Amino acid sequence: MRDLCGGEKAMAGPRPVVLSGPSGAGKSTLLKKLIKEYDNVFGFSVSHTTRQPRPGEENGKDYHYVTREAMQMAIDGGKFVESAVFSGNMYGTSKAAVQDVQAKNLICILDIDMQGVRNIKKTDLNPIYVSIQPPSMDILEKRLRDRKTESEESLQKRLNAAHVDMEFSKEEGLFDVVIVNDTLEDAYGKLKGALLEEINQVKKSSMSV
Ligand SMILES: Nc1nc2c(ncn2[C@@H]2O[C@H](COP(=O)(O)OP(=O)(O)O)[C@@H](O)[C@H]2O)c(=O)[nH]1
Ligand SMILES: Nc1ncnc2c1ncn2[C@@H]1O[C@H](COP(=O)(O)OP(=O)(O)O)[C@@H](O)[C@H]1O
């Protein structure tokens, strides 16, 4: 086991939540809904990335947008819990991103790809692993095209990765919950249901202080 804080034990508190699944499956949509409804329960782990910000995305809120050099230096300096290359860009969860949320006694939500899932499994973070899956490849492609954030090249890379991801999510014991995001309200209801125990625990502990 690799300790999250370089030797110290991870801070006691609510269990983090990992959301993973193909690009376009609806992870950001679902997690934004969750944080909006329960802003005093959940906090987002803001990852670092070398990809360009999309219109509407904010530095420090959606991601920390950094250069490859800066990111590699921080990784080499041991500042990251995990990192991965996805579709030609670097992504990673810094220790600070997780600690910032946990220090507020909130449930830390990580939106990470499947390499991230594998690497987080080697740490002592002990999150609940949730896989968000699209109803079909065709629907995934339509949603990604309609989102209008990707070039044709980037879209094809995401669809290729999605094939692998959809197989990966079937691996026994990897995810605690697999949610198919068909209608948004149903998927959101299932996500809330899966996290209800943790939500109630955080609500209870924040009432007692
Ligand atoms: N391993 C890892 N993956 C990440 C991290 N942040 C984002 N990702 C994943 O990188 C992929 C691409 O993310 P993004 O460029 O925002 O595209 P989108 O998922 O299509 O909105 C997604 O699968 C994310 O879950 C991170 O810190 N670590
Ligand atoms: N259940 C759904 N039905 C229809 N469209 C959806 C649904 N969930 C998400 N979307 C849309 O699909 C696109 C991809 O969702 P997004 O949350 O960006 O995925 P991810 O974060 O997994 O890449 C977005 O344009 C979003 O508005």
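In case you missed it, the structure is sitting above this.
Computed from a predicted model, the values in this text were never measured in an experiment. (Residues numbered from 1 in each chain as written. Chains lettered and ligands numbered in written order. Predicted model: local features only at pLDDT ≥ 70, side-chain atom pairs only at ≥ 80, totals over all residues. Heavy atoms only, no water.)

**Student:** Quick one: what's the story with the sheet that holds strand 4 (residues 63-65), residue by residue and with numbers?
**Tutor:** Read from one edge to the other, the open sheet built from 4 strands follows the order 4-3-6-5, with strand pairing classed as mixed. Every interior strand has two partners, whereas the edge strands, strand 4 and strand 5 (80-86), have only one. Strand-to-strand twist of the sheet, defined as the mean angle between neighbouring strand axes without regard to direction, takes the value 25 degrees. The pairing of strand 5 with strand 6 (residues 89-94) spans 6 bridges and is classified as antiparallel. Paired with A84 across the two strands is Y91, which belongs to strand 6. Here helix 3 (residues 95-103) sits on the sheet in contact with strand 5 and strand 6, set at roughly 40 degrees to strand 6. (Pairing = 2+ DSSP bridges. Helix = DSSP H or I, 4+ residues; strand = E, 2+ residues; numbered from the N terminus. Axes fitted to C-alpha atoms, helices over the stretch in contact; angles between N-to-C directions. Contact = heavy atoms within 4.5 Å.)

**Student:** Go over the site of ligand 2, please, and point to the residues and values.
**Tutor:** By nearness alone, 14 residues border ligand 2, and G24, K27, S28, T29 and R147 come closest of all. One of the side-chain N or O atoms of R143 is found 3.2 Å from a nitrogen atom in ligand 2. In isolation ligand 2 has 560 Å² of accessible area, and contact with the protein removes 75% of it. Breaking the shell around ligand 2 down by element, the ones donating at least two residues are helix 1 (27-37) and helix 5 (137-147). Each residue belonging to the shell around ligand 2 can be placed in one class, and the counts come to 3 nonpolar, 7 polar and 4 charged. (Near = heavy atom within 4 Å. Polar contact = N/O pair within 3.5 Å; in protein donor to acceptor, adjacent residues only side chain to side chain. Areas by Shrake-Rupley, 256 points an atom, 1.4 Å probe, with all protein chains shown as cover. Nonpolar A, V, L, I, M, F, W, Y, C, P; charged D, E, K, R; others polar.)

**Student:** Before we move on, can you summarise the site of ligand 1 with the specific residues and values?
**Tutor:** Among the 18 residues in the neighbourhood of ligand 1, the closest are listed as S23, R51, Y63, Y91 and D111. Contacts to ligand 1 include S47, whose side-chain N or O atom sits 2.6 Å from an oxygen atom. Between ligand 1 and E82, the relevant distance is 2.7 Å, taken from a nitrogen atom to a side-chain nitrogen or oxygen of the residue. Across the complex, the protein chains shield 97% of the 570 Å² of accessible surface that ligand 1 would expose by itself. Elements with a minimum of two residues in the shell around ligand 1: strand 5 and strand 6. Of the residues that constitute the shell around ligand 1, the class distribution is 5 nonpolar, 5 polar and 8 charged.

**Student:** Quick rundown of the pattern of salt bridges? Include the residues and the values.
**Tutor:** Taken as a whole and judged by the stated rule, the model has 14 salt bridges. The partner of K33 in a salt bridge is E185, and the shortest N-O contact between them spans 3.0 Å. Remark: E185 occurs in helix 7 (residues 184-207) and K33 occurs in helix 1; sequence separation between them is 152 residues. K33 sits in the partly exposed class, given a relative accessible area of 25%. Between E57 and R51 there is a salt bridge, with its nearest N and O atoms 2.8 Å apart. Linked by salt bridges that have partners in common, R51, R54, E57, R147, E150 and R158 make up one network. (Salt bridge = Lys/Arg side-chain N within 4 Å of Asp/Glu carboxyl O. Buried < 20%, exposed > 50% of the residue type's maximum accessible area, 1.4 Å probe, protein only.)

**Student:** Give a description of the pairing of strand 7 (residues 107-111) that names residues and reports values.
**Tutor:** Burial runs high along strand 7: 5 of the 5 residues are buried. Alternating positions in strand 7 separate into two faces, I107, I109 and D111 on one and C108 and L110 on the other, with burial throughout. Relative to strand 7, strand 1 (residues 17-20) runs parallel, the two being bridged by 3 bridges. Looking at strand 7, one finds that V18 is bridged to L110. Relative to strand 7, strand 2 (residues 42-44) runs parallel, the two being bridged by 3 bridges. Bridging across to strand 7, G43 finds its partner in C108.

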